[in-house]
Amino acid sequence: MYDFKTCPDRRNANSYKYNDMLKRNPDVPEGIIPFSVADMEFKNAPEIAEGLKEYLDENVLGYTAPSKAFLDSIKGWLEKRHNYKIEKEWIQLSDGVVPALGDFIRAMTKEGDGVIILSPVYYPFKKSILLNNRKVVEVDLINNAENSADLDGHTSAYSIDFEALEVAASDKNTTLIIFCNPHNPVGRVWTREELRRVYNICVKHDVFIVDDEIHNDLIMPGYEHTVMGAVAEDAGKHMGICIAPSKSFNLAGMQTSAVIIQDPEVRKAFDDSRFKGYRGATNALGMEACRIAYTRCEKWLDECVDVIHENAIYFTKFMNEHFPEIRIYPLEGTYLIWCDFRAWGMDTDELEHFMTHEAFLFTDEGYLFGDAGKGFERFNLACPKHILEDALNRLLEARRQ
Ligand SMILES: Cc1ncc(COP(=O)(O)O)c(C=O)c1O
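This one's a predicted model, so the numbers in the text were calculated from it and none came from an experiment.

Novice: What am I meant to see in the nonpolar core here?
Specialist: Considering soluble globular proteins, one finds that nonpolar side chains tend to be buried as a cluster. Judged by nonpolar contacts, the single largest core of 111 residues is most densely connected at Ile74, Phe179, Trp300, Phe315, Met319 and Leu395. Counting residues per element, this core draws most heavily on helix H10 (residues 298-322), at 11 residues. A domain split of this core shows at least three residues from each of domain 1 (16-45 + 299-400) and domain 2 (61-295). Sequence-distant contacts of leucine 395, that is, excluding residues within four places in its chain, are made with Met319, Phe323, Trp344, Phe354, Met355, Ala359 and Leu361. Counting 23 residues, the second-largest nonpolar core is a separate cluster that includes Ala100, Ile117, Val121 and Ile178.

Structure follows, in structure tokens:
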């Protein structure tokens with residue numbers, strides 16, 4: 001059994017999440033843990049620190065190319081954990097999934113082209129499209145919960161508006177989609193059938209797929225994740241699949257992710273795009289941490305998923321009991337739970353003020369994910385349970401005031 005009960009003290013550790021908390025509210029009392037940025041308040045798997053120490057004892061940190069063992073670990077992980085077979089040559093490295101999005105946009109589209117996103121969605125998607133002078137083509141997800149009170153976790157709350165997606169994709173100036181699976185922030189793990197429909201529409205209209213699967217190891221019991229490249233024979237030729245150990249093993253600071261690109265021409269275009277930004281080098285410690293995670297830390301991950309799942313059950317039960325008017329969406333994947341607070345009738349400023357200055361929760365505000373997210377909140381559940389208990393009791397107290 002690993003330790004998922006100790007909460008590391010990150011207040012003075014230069015964590016973005018804590019820095020942001022203190023910026024948003026410098027008067028925050030001691031002991032408050034923020035619920036925003038998607039990293040975990042758990043200690044890393046001990047194998048990571050041990051393995052990195054061994055590596056440092058035996059190596060220097062000069063320019064370091066990907067080793068065979070590292071590439072094998074990515075191939076092996078995808079095969080074992082995701083039942084997806086790749087060739088090692090398909091693997092490209094990136095210093096993050098977000099940088100890879102920009103690389104794909106520059107490689108596969110031209111200025112002014114349309115790029116589809118399914119909103120509400122992780123906000124850097126929109127930002128990288130705009131910063132690269134492309135047009136954001138927003139296709140809103142369908143929020144089925146608006147029409148039905150019956151969410152049993154399998155009649156999924158959000159679904160894809162395939163008709164709207166087809167209309168968007170059929171515009172000849174729309175050339176790329178950034179797809180997210182599992183979907184941040186709504187927590188859906190798209191089914192094979194849904195993926196196949198997205199894939200068919202994109203291939204039919206020649207829209208290249210950038211498939212962000214950074215959360216794909218974090219799948220809750222009862223749900224099954226399918227790598228997009230597995231939906232059809234050679235589907236991988238029409239896409240770039242972005243994976244990383246950063247969310248699954250809390251290694252975001254290692255800035256190491258992998259992009260699976262089957263088509264050699266796309267691979268070359270992606271590589272050129274990366275080099276244009278002078279980002280050709282690879283991170284020696286990041287690659288080693290990734291290799292250790294994929295080869296030695298699977299048990300840690302399984303336990304971690306169980307803890308997140310228990311937190312999601314606890315969170316949902318607490319909210320349903322004390323705030324039945326707030327809709328909590330089923331957490332199928334990721335550790336980010338999506339909640340509809342519109343029943344409180346607050347505008348976005350009021351809701352943010354309440355969360356930041358009264359309940360001291362420091363969630364990610366729904367409006368960040370697009371207009372479709374206004375009035376919603378995203379809570380990060382990757383923390384020891386007692387932290388969550390304290391937070392929810394704070395919410396209760398603040399609401400009673
Ligand atoms: C869907 C999604 N993609 C990418 C990222 C960030 O990726 P990276 O840190 O590798 O750039 C996140 C982080 O929250 C995310 O949720």
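Novice: So what exactly am I meant to see when it comes to the site of the ligand here?
Specialist: Lining the immediate environment of the ligand, one finds Ala38, Gly96, Val97, Val98, Pro99, Tyr122, Cys180, Asn184, Asp212, Ile214, His215 and Lys247. Here valine 98 contributes a backbone N or O atom positioned 3.0 Å from an oxygen atom of the ligand. A distance of 2.8 Å is found between an oxygen atom of the ligand and a side-chain nitrogen or oxygen belonging to histidine 215. Considered on its own, the ligand offers 400 Å² of accessible surface; in the complex 87% of this is hidden by protein. The site holding the ligand turns out to be the largest pocket. A per-element tally of the shell around the ligand places helix H4 (residues 97-108) first, with three residues. Per-class residue counts for the shell around the ligand are seven nonpolar, three polar and two charged.

Novice: Help me understand the environment of isoleucine 261, please; the structure alone is not making it clear to me.
Specialist: Assignment of secondary structure puts isoleucine 261 in strand E9 (residues 257-261). Excluding residues that lie within four positions of it along the chain, isoleucine 261 makes contacts with Trp90, Gln92, Phe104, Met239, Gly240, Val266, Arg267 and Phe270.

Novice: Would you mind showing me how to read H4 here?
Specialist: An α-helix turns once every 3.6 residues. As a result, residues three or four positions apart point the same way. In this model H4 runs 16 Å from its N-terminal to its C-terminal C-alpha over 12 residues, within 8% of the 16 Å that 1.5 Å per residue would give. Taken as a whole, H4 has its buried residues at Val97, Ala100, Leu101, Gly102, Asp103, Phe104 and Ile105.

Novice: Explain the pairing of strand E3 (residues 135-140) to me, please; I cannot follow it from the model alone.
Specialist: Each regular strand carries side chains that alternate between the two faces of the sheet. Relative to E3, strand E2 (residues 114-119) runs parallel, the two being bridged by six bridges. Within E3, the residue paired with glycine 114 across the bridge is lysine 135. For the handedness criterion, the β-α-β arrangement of E2, helix H5 (residues 124-131) and E3 is classed as right-handed.

Novice: Which parts of the structure should I look at to understand the sheet that holds strand E12 (residues 364-365)?
Specialist: Consider a sheet: its strands pair through backbone hydrogen bonds, and that pairing is either parallel or antiparallel. Read from one edge to the other, the open sheet built from four strands follows the order E10-E11-E13-E12, with strand pairing classed as antiparallel. Two strands close off the open sheet at either side, each with one partner strand: strand E10 (327-328) and E12. Pairing between E12 and strand E13 (residues 376-380): two bridges, direction antiparallel. Pairing of glutamate 365 across the sheet is with glutamate 377, part of E13.

Reading the values: rules and limits
Residues numbered from 1 in each chain as written. Predicted model: local features only at pLDDT ≥ 70, side-chain atom pairs only at ≥ 80, totals over all residues. Heavy atoms only, no water. Core = buried A, V, L, I, M, F, W, Y, C linked by side-chain atoms within 4.5 Å. Buried < 20%, exposed > 50% of the residue type's maximum accessible area, 1.4 Å probe, protein only. Helix = DSSP H or I, 4+ residues; strand = E, 2+ residues; numbered from the N terminus. Domains from an automatic or database assignment. Contact = heavy atoms within 4.5 Å. Near = heavy atom within 4 Å. Polar contact = N/O pair within 3.5 Å; in protein donor to acceptor, adjacent residues only side chain to side chain. Areas by Shrake-Rupley, 256 points an atom, 1.4 Å probe, with all protein chains shown as cover. 1 Å grid on protein atoms, 1.4 Å probe; cavity = no way out; pocket = protein on both sides within 12 Å on 5 of 7 lines; lining within 4 Å. Sits in = over half its atoms within 2 Å of the grid points. Nonpolar A, V, L, I, M, F, W, Y, C, P; charged D, E, K, R; others polar. Expected span 1.5 Å × (residues − 1). Pairing = 2+ DSSP bridges. Right-handed = clockwise from strand over helix to strand, strands pointing away.

Everything listed here is a matter of coordinates, which is why it stays silent on function.
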